[in-house]
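Chain and residue survey
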Amino acid sequence: MMAMSEHERLYTPSEWSKRYKSEELLERFFTFCAEVTDKTRRTVKCKLNVAYGPTKRAKYDIYGTDLPKDAPIFVFIHGGYWQEFSKDVAGFSVPLFVKNKIKVITVGYDLCPNVRIGDIVAEIKAAVTQILKYAADSESKYVCIAGHSAGAHLAACLLHDDDWINRMKQQGYFALLKEIILISGLYNLKPVVDTSHGTALKLTEEEIKAFSVSTLDETKGRRISGLKVVVIVGDCDSPTFVDESRKYAQKIIPIVDNVEYILLEDIDHFNIVEELLNSDYDLAKLILKCLQPDANIH
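Residues numbered from 1 in each chain as written. Predicted model: local features only at pLDDT ≥ 70, side-chain atom pairs only at ≥ 80, totals over all residues. Heavy atoms only, no water.

Going by what an unreviewed UniProt entry lists, the protein chain is known as Kynurenine formamidase and is assigned to Temnothorax curvispinosus. The heading Catalytic activity (unreviewed entry) in the UniProt record of the protein chain holds the text "N-formyl-L-kynurenine + H2O = L-kynurenine + formate + H(+)". The UniProt entry for the protein chain carries the following comment under Pathway (unreviewed entry): "Amino-acid degradation; L-tryptophan degradation via kynurenine pathway; L-kynurenine from L-tryptophan: step 2/2." (UniProt positions renumbered as here; feature names shortened; annotations may be inferred.)

Structure follows, in structure tokens:
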């Protein structure tokens, strides 16, 4: 077997964990995700496969449907290098928040190579638009969106579409969105081309330029106010993912009024979301504080 190049290794987060070797880590993560989601679907009142677009994967799941109509809403966008994983194994984002009277919506989307990366970005905007309308119709006052890995990139794309933001403002939805949390994301697509992950993406120069959010030319005078953006990564993630997170946080400071960068100690690319089951975990506390600012956390 050929040795992995250093560039490939930097774009393979499972290579950097201190807990397990790469293959075992991935196997444990996928098993964990499947088991938690299966249990969650059996024990939490939910509505699965709500369509927001015409394709089979353009659906989301709503957990906590028996909570008060106006309950706060936490939206989770899964990762998987835009080409694997699904909402059907993203249930780890559910139990703690539903227990604290927060509805959770896990978003599915089409995957490369079946679609282009721009199609996925458009799907996420359509999903979030529908979710914000659902929040408004339910008289919910707080919505928080989090994306993990490729999902963090997809959530970040919302910040760079003025037309979409203005449309949300005109419809009175944008004010409901209190926080976007970008977890262990990749924000520059160009270096991904030269990795095994780039094969399915088939990125063109135009796509790299349009969707590399960390290298976009921002128009002067753009301001996004009333929204907090948290860029968070673990110190046991790939050095590239840590570096990209730090650079992206710096990139958006001129356009977003409230930006926070957090480096979590002894956390890797996978347990950064696995730990969302734990009420003492810093990221979980951050989300709870955003969505239930006056509540006692359980």
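In this section: the pattern of salt bridges. Between side chains of opposite charge, pairing is possible as soon as their charged atoms come close. Counting across every chain of the model gives 18 salt bridges. For the salt bridge of Glu15 with Arg9, the shortest nitrogen-to-oxygen distance reads 3.4 Å. Here Glu260 makes a salt bridge to Lys228, at a shortest N to O gap of 2.8 Å. Of this pair, Glu260 sits in strand β8 (residues 256-264) while Lys228 sits in strand β7 (residues 224-234), placing them 32 residues apart in sequence. Judged by its relative accessible area of 28%, Glu260 falls in the partly exposed class. Overlapping salt bridges, with partners in common, bring together Arg41, Asp61, Lys87 and Asp88 in one network. (Salt bridge = Lys/Arg side-chain N within 4 Å of Asp/Glu carboxyl O. Helix = DSSP H or I, 4+ residues; strand = E, 2+ residues; numbered from the N terminus. Buried < 20%, exposed > 50% of the residue type's maximum accessible area, 1.4 Å probe, protein only.)

To continue, consider the sheet that holds β7. Pairing is mixed across the open sheet formed by eight strands, whose spatial order is β1-β2-β4-β3-β5-β6-β7-β8. At either end of the open sheet lies a strand with only one pairing partner, and these are β1 (46-51) and β8. Along the sheet, successive strands turn relative to each other by an average axial angle of 20°, direction set aside. One ladder, built from six bridges, connects strand β5 (residues 143-148) with strand β6 (residues 177-183); its direction is parallel. Opposite Gly147, over in β6, you have Leu182 as the bridge partner. Against the sheet, helix α5 (residues 150-157) engages β3 (73-77), β5 and β6, with an angle of about 135° to β5. (Pairing = 2+ DSSP bridges. Axes fitted to C-alpha atoms, helices over the stretch in contact; angles between N-to-C directions. Contact = heavy atoms within 4.5 Å.)

The first and last C-alpha atoms of helix α9 (residues 239-252) sit 20 Å apart over 14 residues, in line with the 20 Å expected at 1.5 Å per residue. Restricting attention to buried positions, one finds in α9 the residues Thr240, Phe241, Val242, Glu244, Ser245, Tyr248, Ala249 and Ile252. In this fold, the buried residues of α9 make contact with α1 (6-10), α5, β6, β7 and β8. (Expected span 1.5 Å × (residues − 1).)

Here we take up the UniProt feature "active site" (unreviewed entry) in the protein chain. This chain's UniProt record puts "active site" (unreviewed entry) on Ser149, Asp237 and His269. A maximum C-alpha distance of 10.9 Å places the annotated residues, which cover 121 residues in sequence, within one compact spot. In the annotated group above, the largest pocket draws its lining from Ser149 and His269. Residue position: Asp237 is located in the loop between β7 and α9. (1 Å grid on protein atoms, 1.4 Å probe; cavity = no way out; pocket = protein on both sides within 12 Å on 5 of 7 lines; lining within 4 Å.)

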